[in-house]
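Overview (structure and organization)
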Amino acid sequence: MTTTTTGTPAVTGAVGAARIRLEGLAKVTGAARYAGEIPFAELAHGWLVLSTIARGRIRAVEDAPVLAMPGVLAVLHHGNAPRVDGDYTGPLGAPDPVLQVFQHDRVPYVGWPVALVVAETPEQAREAAEALEVRYDQEPHEAVFSAGHPDRYTPQGSEPPAETEKGDLAAALAASAVVVDAQYTTPEEHHHPMEPHAATARWEGGRLEVVDSNQGSAFVAQELAHLFSLDPASVRVRSEHVGGGFGSKATRPNQVLAAMAATVLQRPVRVVLTRRQMFSLIGYRSPTAQRIRLGADADGRLRAFAHHAESVTSTVREFIERSADMGRVMYDADAHHTVNQVVALDVPTPSWMRAPGEAPGSFALESALDELAEKCGMDPIALRARNEPETGPVSGLPFSGRQLQACFREGARRFGWADRDPRPGRRRDGRWLLGTGTAASQFPSRAAPSTAAVTAEADGDFTVRITAADIGTGARTALTLVAADALRVPPERIRMRIADSDFGPAMIAGGSMGTRSWSWAVMAAAGELREKLALGGAIPPQGITVRSDTSAAIAALAATERHAFGAQFAEVAVDVASGEVRVRRMLGIFAAGRIVNPLTARSQFIGGMIWGLSMALHEEAVRDRASGAPVGADLAGYHVAAHADVPPIEADWVDDPDESDPVGIKGIGEIGVVGGAAAIANAVWHATGVRHRDLPIRPDRVLRAGDGSRPGT
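Let me sum up the structure you'll find in this document. Since the structure is predicted, the reported quantities are computational estimates derived from the model, not experimental observations.

**As for the pattern of salt bridges**
According to the stated counting rule, one finds 56 salt bridges in the structure shown. Taking the shortest distance from any N to any O, the salt bridge between arginine 427 and glutamate 571 comes out at 2.9 Å. In this pair, arginine 427 is assigned in strand β16 (residues 427-429) and glutamate 571 in strand β22 (residues 563-575), connecting sequence segments 144 residues apart. In this structure arginine 427 comes out as partly exposed when scored by relative accessible area, which is 34%. Each of Arg207, Glu209, Arg236, Arg238, Asp500 and Asp502 takes part in a single network of salt bridges with overlapping partners.

**Observations regarding helix α3 (residues 122-131)**
A turn of α-helix holds 3.6 residues, and therefore any two residues three or four places apart point the same way. When α3 is considered as a whole, its buried residues turn out to be Ala125, Ala128 and Ala129. Considered in projection along α3, the buried side chains sweep an arc of 100° and stay on one side of the axis. In this structure, α3 carries Glu123, Glu127 and Glu130 as exposed residues pointing more than 90 degrees from its buried face. In this fold, the buried residues of α3 make contact with β1 (44-50), α2 (64-67), β3 (72-77) and β5 (113-119).

**Quick word on the sheet that holds β5**
The strand order across the open sheet built from 7 strands is β3-β5-β1-β12-β9-β10-β11, with neighbouring strands paired in mixed fashion. Of all the strands in the sheet, the pair left with one neighbour each is β3 and β11 (235-238). Direction aside, the axes of adjacent strands within the sheet are offset by 20° on average. Across 4 bridges, the pairing between strand β9 (residues 198-204) and strand β12 (residues 269-272) is antiparallel. Looking across to β12, one finds that alanine 198 is bridged to valine 272. Along the sheet face, α3 touches β1, β3 and β5 and points at about 25° away from the line of β1.

**Re the packing of helix α9 (residues 358-376) against helix α16 (residues 676-688)**
Running from N to C, α9 and α16 cross one another at 35°; their axes reach a closest spacing of 8 Å. Crossing of α9 over α16 shows right-handed handedness. Between α9 and α16, the residues in contact are Ser362, Phe363, Glu366, Ser367, Asp370 and Glu374 and Ala677, Ala678, Ala681, Asn682 and Trp685, respectively.

**Describing the packing of aromatic side chains**
Within this structure, the stated rule accounts for 11 aromatic pairs. Between phenylalanine 399 and phenylalanine 565, the ring centres sit 6.3 Å apart and the planes meet at 65°, which makes this aromatic pair edge-to-face. Of this pair, phenylalanine 399 sits in the loop between α10 (380-386) and α11 (404-415) while phenylalanine 565 sits in strand β22, and the two are 166 residues apart along the sequence. For the pair phenylalanine 399 and phenylalanine 565, one class covers both residues: buried. Aromatic pair phenylalanine 590 and phenylalanine 605: ring centres 4.4 Å apart, planes at 10°, arrangement stacked.

**Quick look at empty space enclosed by the protein**
Tallying each qualifying case throughout the model produces 4 cavities of 30 Å³ or more. Taken together, 22 residues make up the lining of the largest cavity; nearest its centre are Leu92, Glu223, Ala250, Thr251 and Trp352. Tallied by class, the residues present in the lining of the largest cavity amount to 11 nonpolar, 6 polar and 5 charged. Forming the walls of the second largest cavity are Asp96, Val98, Tyr109, Arg252, Ser280, Leu281, Gly283, Tyr284, Pro348 and Thr349. Residue composition of the lining of the second largest cavity, by class: 5 nonpolar, 3 polar and 2 charged.

So, how was this worked out
Numbering of residues starts from 1 in every chain and runs along the sequence as written. At least 70 in pLDDT is required for a residue's local features to be given in this predicted model, at least 80 for side-chain atom pairs to be given and counted, and no such filter applies to totals for whole chains, interfaces and linings, which use all residues. Water and hydrogen atoms were dropped before computing side-chain values, which therefore reflect all heavy atoms in the structure. A carboxyl oxygen of Asp or Glu within 4 Å of a side-chain nitrogen of Lys or Arg is what we treat as a salt bridge. Segments assigned H or I by DSSP are reported as helices when at least four residues long, segments assigned E as strands when at least two residues long, and all are numbered from the N terminus. Only protein chains enter the accessibility calculation, which uses a 1.4 Å probe. A residue is then buried if its area is under 20% of the maximum for its type, exposed if over 50%, and partly exposed in between. It is the directions from the helix axis to the C-beta atoms that the arc portrays. Residues are treated as being in contact if the distance between any of their heavy atoms lies within 4.5 Å. DSSP calls a pair of strands paired once it identifies at least 2 bridges connecting them. The axes used here are C-alpha line fits, helices contributing only the stretch in contact, and every angle between their N-to-C directions lies in the interval 0 to 180 degrees. The sense of a crossing depends on the near helix, which, turned anticlockwise from the far helix by less than a right angle, makes the crossing left-handed and, turned clockwise, makes it right-handed. Any Phe, Tyr or Trp ring, taking Trp's six-membered ring, that has another such ring centre within 6.5 Å forms a pair; planes under 30 degrees apart are called stacked, those over 60 apart edge-to-face, and the others tilted. Buriedness of a pocket was judged along seven lines, with at least five required to meet protein on both sides within 12 Å; pockets are open sets of points on a 1 Å grid over the protein atoms alone, cavities are sets where a 1.4 Å probe fits but cannot get out, and lining residues have an atom within 4 Å of a point. Grid points are joined across faces, edges and corners, and a volume is the space filled by probe spheres set on the points. The nonpolar class holds Ala, Val, Leu, Ile, Met, Phe, Trp, Tyr, Cys and Pro. Asp, Glu, Lys and Arg form the charged class, and all remaining residues, Gly among them, are polar.

See below:
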């Protein structure tokens, strides 16, 4: 295939062919070392002390007895810590105040950092931290979320807007032949990658060097430079191997504290968060309360669409779980209203968690669509097809591609949807009631400016340098395949170097934007280098390097609704005696643009679908009203889907070209989560005849839904 006029690179067979991960062998043999494992000479260890009250002031930090304990080197707190600068706009906006550690005596929530004990060994640091006495002046707090909170408000000035509205909603609902008006809730949820957050900082040759576990070394370096008022060129952050992120590994207090302690002690300091500390310091998904109102004609065509979503933010920083944004892309109506509201409580600030907004929003919206299909006597897939918009329902922009119905057609064929009896409670397997359900998925496809450098080496190989982050997705391998095709050489001739802030600015691994953004930069540099090499001439010992910056190209992109789409299918079995729900099989068919590596892409889709299963049936964090702290802040108390909970899962995709896009990649890290919980909830209704509008669908809720009687009887 030759290069097209859209700039799509010629295919040499690398992109689109299944490849094992380049670092796979190193990971399974233990040769790949993570941030908390890399040795440093004279390494000291910091252990965080977190507040035990939800609101108030620190009266005293009794550090003298702790400083006398064996191995203790320092105790940092608000009374003696170096000052940091919080008055800046960083890569993700204004800094989270929790990064400005030990700058004042205020405590805004349980788990706020109040001290760091640094010692020769982690055991000594932990023992001393647990012995440190911190005295507080406690104030009344409120930490438990509930729907309809009197202090909820609509954020102003957010982008996109928190509220959108067109048409007369009340009139459209009144004129509708069929109306659904239902409330849905999702609980607080946590993203706990298996590798904890670990950072080691040291001063080396006048530069602050940080070895870290993060989703974007350039972003972390930039934020640390701002906080410590350093020249950006004097900060280097590296993060070669990362054991999962899911939105949690941006700039976090452990990175700041490692740098702060290294500055004070003038020796390397490592700070690793414990599993319990991660429940307070790395963000989480806010609980939500959502009201969906749908009005339709008798044939299922929507007249009215309203999605009102409420979530939590903290008192120190505003974060919006944008659940109501889902419908701004999916379905149109004459009257269309969406709003995201928040209430500020004395809790840690929520943050990005895989498919932020779309994950909880799709549960409510796609469950409500299923309820509407039932009321209209329509097949759920047919109802969605009837309400396919021609342009963005809110934006009015054209879709760059919308293969949602192709996903449903292929998924229905492979799942055997045509054989489904639409009536609930009709299928049994012994004591199990069986049901099937479906839901739609979407996630935005965006790109951010990035830079890359590609060098033609004198030995005939090529070196790619880009501050990308491989958080377990296989990005290192995908970028190697992209570079190979762009240079028209075999992948074996590519040396891929990533995750070093010295390589220049690049997008973080987040928002399903990483591989698309990085690939664009790699393609641009490789394409220009290939043209230079075509002119002939010997390659000097230092090689020939071309550097790219995609800022202008991304700014010139035409305004469109650019999204990945998908259709999820689930079959469940419900135990009529215990209320236990078991997922027996899942199928996801996605339209996600150009698939770079089918092997790792399928893993990403399946991983997201497992997350959707876990969200539907297991995950739920509860806050204690009296203390404001999470109950069971560990992986024993916070349940996730285990191996025995996961059934056979299939994921595949339909052809989804985007001729307007020179990269063609849409991003796949998050769309697998979206719609999964709704498909399972809809299948539980089909099995039992009972709707579940509150997640997770626990056995006690299944039993209570039948007024204490067995489901389906």
